[in-house]
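Analysis of the macromolecular model
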Amino acid sequence: MQKSSLLSIATLVACAAPTLVAQTYGVGRPATADEVAAWDVTIGPEGRELPAGSGTAKDGAQVYEVRCKECHGDQGVGGDHAGLVGKPEQLKQTPPLKTVGSYWPYATTLFDYTRRAMPFEEPGSLSADQVYAVTAYILHLNGLVAEDDVLDRESLPQVVMPNRDGFVRDPR
Amino acid sequence: MKSRDATRRSFLGTGALAGAAWTACSAPEAEAPAEPDQPSSLGTPVSRYGQRSPHEKAARGVRESQTPEAASSRTPLDQTYGIITPSALHFERHHAGVPEIDPATHKLLVHGLVDRPMAFSVDDIKRLPSVSRVHFVECSGNSGGEWSPAGAPTVALSHGLASCSEWTGVPLRILLEEAGIQPEAKWILAEGADACLMQRSATLEKALEEGIVAYGQNGEAIRPEQGYPMRLILPGWEGNTNVKWLRRIKLTAGPQYVKDETSKYTELMEDGTAWIFTFEMDAKSVITAPSGGHMVDGPGFLEISGLAWSGRGKIRQAEVSTDAGQTWTEAELQTPVYSKAFTRFRLPWAWDGSETVLLSRCRDETGYLQPGRAELIEQRGRKSAYHCNRIKGWHIAADGSVTSAEV
């Protein structure tokens, strides 16, 4: 790249955004809206990015039976991998029991993580409906939604997790 | 020139003989004839990619796991020298295995609260201004066994989820500025291209100040286990935030509260609350020689050597006690001392052959002093699990055997 064009880009940027003193190099290409949409699976705690679809704990029990139970145990307890069911009081026992029900601050996290990372050997293989359903099932096992409650992009963020206010910023 | 070619031909032509010579050399030396004063044959020819001596066996420690793709392997810190961890011995902690990535098709997306979402190829990233920095990467679960009085029996088991490399790459600031940072952006979300799309949130402030998108490790391309073709380096921050196989950075207004910053990598306190976003790794040190599992071969001179590091800057001082903490002696620091990097310390010592305990502690440039176990538990309780940086001791028995000292 020519020095002069580099300088002129820098000047342009400086004029356009006076608060940022940024230099740009003109390297890389603009990303298309489609390629961003295809990869942007991020779901924040307000759940604004949740996809269409829905499911109930009743549907989720089937998904769980076939796709999750072998590792996470019958009804989310006693599996070889992270336990999924528990109460906040159990954080005070020794050793503490950190589970979705006892520890996780947001229900949206359960949807997000299951969708991109579970089942362990076939991540990304569940449909949005299946993820809503198995999320509902795990929340139901924790006593947080009823068996027939429909979870979707509207209702999932409304589920208040018991340990919602249990986290404080690192005071070190 | 001619004679050399002739020799080479004859070497290649006598493969069987050469092979026999090899076997003889590497066989146990029990019945070996007296070493000649000069080798009687030529060595092996030049080669394209070097290998270590067949006598060297240092290896990462791997524990049996039902899910070896979501597991860790540990650096044998007592078998590394100086401050750089050989890339092949850099610890691993993967959550869904090591992906196989073609650098020709890999891309890094930068989007979210930016003026223009951008895609960068590996070649794009290599065109941009680069930096090389020596930094440790440490899993915040490192030394988890040290919460107990007994501690882990070897330094690989007690401290081997930490390694140090020279990382080369482009400052993350440059990539974010190519996309144009919007004023509402305060955090980033980094995502890897592994099977679970590993994600972590980090502050935009850290990303701009010190973040590196690294493609080089110790002079060559980053190893697949360390994030090939590119990874995020957030110097001094817990290992998990240094997202490997980096493929996406989203600028956001707040953190995303993903599984690995809520369910995992948070510090539970005794009262049931938990500290979240505990990014910095506190100062820590450990003696690597002699250390657990070693056998000191009789009294006499013995250099004590170890590693110290801090996620908050440079190590200012390392001290060693050879009498279980009654007295402390300042050890010599290997220079240059880099910020947020392994710092080698050394102390000449003569073992008198009697039972004792060796300890090390360090202070970083902020003045922070590495705590003992009791002090750490006073600050953090017993349920924290991560970020254990207590002083580690090694017990030397009269027979020279070295084990973890109970504290």
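Residues numbered from 1 in each chain as written. Chains lettered and ligands numbered in written order. Predicted model: local features only at pLDDT ≥ 70, side-chain atom pairs only at ≥ 80, totals over all residues. Heavy atoms only, no water.

Another aspect to go through is the nonpolar core. Within the largest apolar cluster, 72 residues are counted, with the highest numbers of intra-cluster contacts made by B:Leu108, B:Leu176 and B:Leu251. Beyond its immediate chain neighbours, meaning those up to four positions away, B:Leu108 contacts B:Met118, B:Ala119, B:Phe120, B:Ile125, B:Leu175, B:Val213, B:Met230, B:Leu246, B:Arg247, B:Arg248 and B:Ile249. (Core = buried A, V, L, I, M, F, W, Y, C linked by side-chain atoms within 4.5 Å. Buried < 20%, exposed > 50% of the residue type's maximum accessible area, 1.4 Å probe, protein only. Contact = heavy atoms within 4.5 Å.)

Residues and elements named next belong to chain B. Annotation of chain B at the domain level lists domain 1 (72-275) and domain 2 (284-404). Each of domain 1 and domain 2 has a C-alpha centre, and these two points are 27 Å apart. Contact with domain 1, which involves 44 residues of that partner, is made by 39 residues of domain 2. When the two sides are added together, the surface that domain 1 and domain 2 hide from each other amounts to roughly 3,400 Å², 55% of it contributed by carbon and sulfur. Remark: the boundary between domain 1 and domain 2 carries six salt bridges. A salt bridge links arginine 390 to glutamate 146, with the nearest nitrogen and oxygen atoms 3.5 Å apart. Listing elements by their share of the side of domain 1 that touches domain 2, those giving two or more residues are β6 (131-138), α4 (155-159), β7 (162-171), α6 (204-210) and β14 (267-268). With four residues, β6 is the single largest residue contributor to the side of domain 1 that touches domain 2. (Domains from an automatic or database assignment. Buried area = accessible area lost by both parts, 1.4 Å probe. Salt bridge = Lys/Arg side-chain N within 4 Å of Asp/Glu carboxyl O. Helix = DSSP H or I, 4+ residues; strand = E, 2+ residues; numbered from the N terminus.)

Residue and element names in this part refer to chain A. Running from amino to carboxyl end, helix α6 (residues 107-117) crosses helix α7 (residues 128-141) at an angle of 130 degrees, the nearest separation of the two axes being 9 Å. In terms of their interaxial angle, α6 and α7 are classed as oblique. The chirality of how α6 crosses α7 is right-handed. Across the interface between the two elements, Ala107, Leu110, Phe111, Thr114 and Arg115 of α6 pack against Ala128, Val131, Tyr132, Val134, Thr135, Ile138 and Leu139 of α7. (Axes fitted to C-alpha atoms, helices over the stretch in contact; angles between N-to-C directions. Parallel < 35°, antiparallel > 145°, perpendicular 65-115°, else oblique. Left-handed = near helix turned anticlockwise from the far one by under 90°.)

For the rest of this paragraph, the subject is the packing of helix α3 (residues 57-67) of chain A against α7(A). Two numbers describe a pair of packed helices, the interaxial angle and the distance between the axes. Residue and element names in this part refer to chain A. The N-to-C vectors of α3 and α7 enclose an angle of 100 degrees; their axes lie 7 Å apart at closest approach. In terms of axis orientation, α3 runs roughly perpendicular to α7. Of α7, the residues touching α3 (which contributes Ala57, Asp59, Gly60, Ala61, Val63 and Tyr64) are Gln130, Ala133, Val134, Ala136, Tyr137 and His140. Here the contact of α3 with α7 is composed, by residue class, of eight nonpolar, three polar and one charged. (Nonpolar A, V, L, I, M, F, W, Y, C, P; charged D, E, K, R; others polar.)

Residue and element names in this part refer to chain B. Across the sheet, four strands lie side by side as β16-β18-β22-β21; this open sheet has antiparallel pairing. The open sheet has two edge strands, β16 (284-289) and β21 (332-333), and neither has a second partner. Pairing geometry for β16 and strand β18 (residues 304-309), over five bridges, is antiparallel. Its bridge partner lying in β18, alanine 289 is registered against serine 305. (Pairing = 2+ DSSP bridges.)

For the rest of this paragraph, the subject is the pattern of salt bridges. Inspection of every chain in the model, using the stated rule, returns 32 salt bridges over all chains. Here B:Arg361 and B:Glu319 are joined by a salt bridge, their closest N and O atoms 2.8 Å apart. Taken together, the positions of B:Arg361 in strand β24 (residues 356-364) and B:Glu319 in strand β19 (residues 315-321) put the pair 42 residues apart, joining distant regions of the chain. Each of A:Asp40, B:Glu191, B:Arg247, B:Arg248 and B:Lys250 takes part in salt bridges that share partners, so that together they form one network.

With that settled, consider the side chain of B:Arg247. Relative to the helices and strands, B:Arg247 is located in strand β13 (residues 246-252). Classification of B:Arg247 as buried rests on a relative accessible area of 13%. Ignoring any residue separated from it by four or fewer positions in sequence, one finds B:Arg247 in contact with A:Trp39, B:His106, B:Lys107, B:Leu108, B:Leu109, B:Glu191, B:Gly192, B:Ala193 and B:Leu197.

To continue, consider the state of the cysteines. Residue and element names in this part refer to chain B. Across all of its chains, the model carries zero disulfides over all chains by this definition. Its sulfur unpaired, cysteine 139 is 13 Å from the next cysteine sulfur, which belongs to cysteine 388. Assessed through its relative accessible area of 7%, cysteine 139 is described here as buried. Cysteine 362 takes part in no disulfide bond, and the closest cysteine sulfur, belonging to cysteine 388, lies 13 Å away. For cysteine 362, a relative accessible area of 1% gives the class buried. (Disulfide = S-S within 2.5 Å.)

Along the chain, B:Ala308 falls in strand β18. Expressed as a C-alpha distance, the spacing of B:Ala308 and B:Ala341, which sit 33 residues apart in the sequence, is 8.2 Å.

Here the focus is the side chain of B:Ser360. Residue and element names in this part refer to chain B. Counting through the fold element by element, serine 360 comes out in strand β24. The exposure class assigned to serine 360 is buried, which follows from its relative accessible area of 1%. A polar contact is formed between the side chain of serine 360 and the side chain of serine 285, at a distance of 2.8 Å. Not counting residues up to four positions away in its chain, the partners in contact with serine 360 are Ser285, Val286, Ile287, Glu319, Val320, Trp328, Phe345, Gln370, Ile391 and Lys392. (Polar contact = N/O pair within 3.5 Å; in protein donor to acceptor, adjacent residues only side chain to side chain.)

Once that is clear, we can look at unusual backbone geometry. Residue and element names in this part refer to chain B. Of the consecutive residues tyrosine 228 and proline 229, the connecting peptide bond is found in the cis state with omega at 5 degrees. Considering the arrangement of structural elements, one finds proline 229 in the loop between β11 (220-221) and β12 (231-233). Omega for the bond connecting alanine 289 with proline 290 falls within 30 degrees of zero, at -5 degrees, which places this linkage in the cis form. Checked against the element boundaries, proline 290 lands in the loop between β16 and β17 (300-301). Despite not being glycine, alanine 324 has its phi angle at roughly 60 degrees, a positive value. Along the chain, alanine 324 turns up in the loop between β19 and β20 (329-330).

By the secondary structure assignment, A:Lys98 is in the loop between α4 (69-72) and α5 (100-103). Sequence separation between A:Lys98 and A:Tyr132 is 34 residues; the distance between their C-alpha atoms is 22 Å.

To continue, consider empty space enclosed by the protein. Within this structure, the stated rule accounts for two cavities of 30 Å³ or more. Put simply, the largest cavity is a space of about 200 Å³. Surrounding the largest cavity, 18 residues form its lining, B:Arg93, B:Arg231, B:Gly239, B:Asn240 and B:Lys244 being those nearest its centre. For the lining of the largest cavity, the element with the highest residue contribution is strand β3 (residues 92-94) of chain B, accounting for three residues. Residue composition of the lining of the largest cavity, grouped by class: seven nonpolar, six polar and five charged. The computed volume of the second largest cavity comes to approximately 40 Å³. Together, A:Arg172, B:Glu138, B:Met281, B:Asp282, B:Lys284, B:His387 and B:Asn389 line the second largest cavity. (1 Å grid on protein atoms, 1.4 Å probe; cavity = no way out; pocket = protein on both sides within 12 Å on 5 of 7 lines; lining within 4 Å. Points joined across faces, edges and corners; volume = space filled by probe spheres on them.)

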